[in-house]
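Next come the chains, spelled out residue by residue.
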Amino acid sequence: MATVSMESETAPLEGTGPMPAAPKEKTVVDRIFYGIGSIAFGVKDTGFTVLLMIFYNQALGLPAATVGFAIMIALVVDAVADPFIGRMSDGVRSRWGRRHPFMLGAALPIAISYYFLWNPPEGLGPDGLFWYLTWLAILIRVFISVYEIPSSALVVDLVRDYDKRTAFMSWRWFFGYVGGLGSNILAFSYFLRPGPDDPGGQLNVQGYADYGLVASLIMLAAIVISSLGTARHIPSFAPPPPRRPFVLAQSAREVWDTLVNKPFLLLAVGTFFASASAGVVAATLTYFRIYFWELTGDQISGLMIGYFAALVTALFFAPWLGAKLGKKRAAIMLSIAAIICSPIMYFSRLLGIAPENGTQMLYVALFVMGFINTTIAVSAGTMGSSMFADVVEYAAVRTGRDSAGLIFSANAFLLKAMSGVGVFGAGLILSFVAFPESAKQGEVPADVLTMLALTEPAVIMALQICGLLAIIAFPINREVHEANLRKIAMQQADESEIASDP
């Protein structure tokens, strides 16, 4: 049997086609280029979770449950489209590799569709507005998938090492949150300025339109920069599988074989519940800030300074924790911390121990807890995405196929459930507590706010506990991953030996 070297981080999973060029050494610059593309996902997803509900509900007057239903329709379409996109990106053949044609091709459609989402035509009635929102949400979600799935799957081609993957993913989550937080700071500090009849600024329709233009341009720039910045490694990526005729039954069976395995299913369940809980938090957070805590737009933007500090902390904390404890144990610890920390401020107000609205002590408390919760959330997301990358080799050992695009299509969909299920769940919660439409700050009944502060944390904690139970059963650790890499190398050596026989 041929001797196999395990030193290359980018040894191909499939031994078909010409051998790739020798991999270039990965640097911090490569991590930055890989991560910076997630700014587009962060802008879109945070816009969906933080601003979309309050824009269509409060500024345009569409019922909260109707907004949530429109987003859920788009999420269902997403569930069908994402596996096809991932599957296609696994098999495409071009001089730009498998992933980059999708990434570059999606840039302009993403920017255009996101702009129109925030600029609906005047004169639409409730039904027209509902269908406008539904179709635009579907378009932006599908276009984001065309970019995000191949882009995130690049990590499997870029690096194989168990711990280095977490470092790459930490940059991706860092930039994703930078994009989301940065665009929200622009929205609340600049575009959604308060007026005499709108002290919170949330009813400023023109402000949302201007936000949509700037956010679209940011997304376009991030995608192009990331795509071109990672292109230098294309010659060293794994070759695609050989061309073969499409047979629906065979393709469906291969998808089934790839995705129906214990690690993938457990991680998918855990990620779904974690993303859903994060989505509900994000979709209701603006309501809490404006109506529960009675903050101004500038105060909300000030809180985000703490969030940026949390991003920098998580950028280094997540890889350190994953290397120290292993990804599974780190994910469990972070999940428990989230369950404990996320409801603290709301419960403290209900118990009468939180500082009064308008006081400096309240603002400090919100700042500190925002920093803690964001550090936990970003670190947990980094760990989960890195664990998905390890599932690629687990599946490859059993199927003989590199299905990174297909597996990361599931990861992308589950992360987008953050906005879909989150907005839908937030709509149900707001309807359940009878939150008024076109509400003004300081005029929402106290019993409605109390019910909101009881219901939302209860839903969040239930979702988080379900996610934790799934992660506890996840079977891949460092030793299992390294064993999978050895098995793949042995399989490739056997194939090379057979191919070299006269």
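Residues numbered from 1 in each chain as written. Predicted model: local features only at pLDDT ≥ 70, side-chain atom pairs only at ≥ 80, totals over all residues. Heavy atoms only, no water.

Caption draft 1: Quick look at the packing of aromatic side chains. Going through the model one piece at a time under the given rule, you end up with 27 aromatic pairs. Each ring, one from Phe174 and one from Phe175, has its centre 5.2 Å from the other, and the planes form 75 degrees; the classification is edge-to-face. Assigned by exposure class, Phe174 and Phe175 land together as buried. Centroid distance Phe288 to Phe292: 5.5 Å. Interplanar angle 80 degrees. Geometry classified as edge-to-face. Taken together, the residues span about one helical turn, with Phe288 and Phe292 both in helix H9 (residues 262-292) at a distance of four residues. Phe288 gets classed as buried once you look at its relative accessible area, which sits at 0%. Clustering of aromatic rings is evident, with ring pairs tying together Phe55, Tyr56, Tyr114, Trp118, Tyr208 and Tyr211. Taking the ring centre of Phe41 as reference, the NZ or CZ of Lys44 above it sits at 5.7 Å. The ring of Phe48 has Lys44 sitting right over it, with the charged end atom 4.7 Å from the ring centre. (Phe/Tyr/Trp six-rings, centres within 6.5 Å; stacked < 30°, edge-to-face > 60°. Buried < 20%, exposed > 50% of the residue type's maximum accessible area, 1.4 Å probe, protein only. Helix = DSSP H or I, 4+ residues; strand = E, 2+ residues; numbered from the N terminus. Lys NZ or Arg CZ within 6 Å of the ring centre and 35° of its normal.)

Caption draft 2: Highlighting the nonpolar core. In this structure, Tyr56, Tyr114 and Phe435 are the most contacted members of the largest nonpolar core, which totals 142 residues. A per-element tally of this core places helix H5 (residues 126-158) first, with 17 residues. When residues no more than four places from it in sequence are discounted, the contact partners of Phe435 are Gln58, Tyr287, Tyr291, Leu430, Val444, Val448, Leu449 and Leu452. (Core = buried A, V, L, I, M, F, W, Y, C linked by side-chain atoms within 4.5 Å. Contact = heavy atoms within 4.5 Å.)

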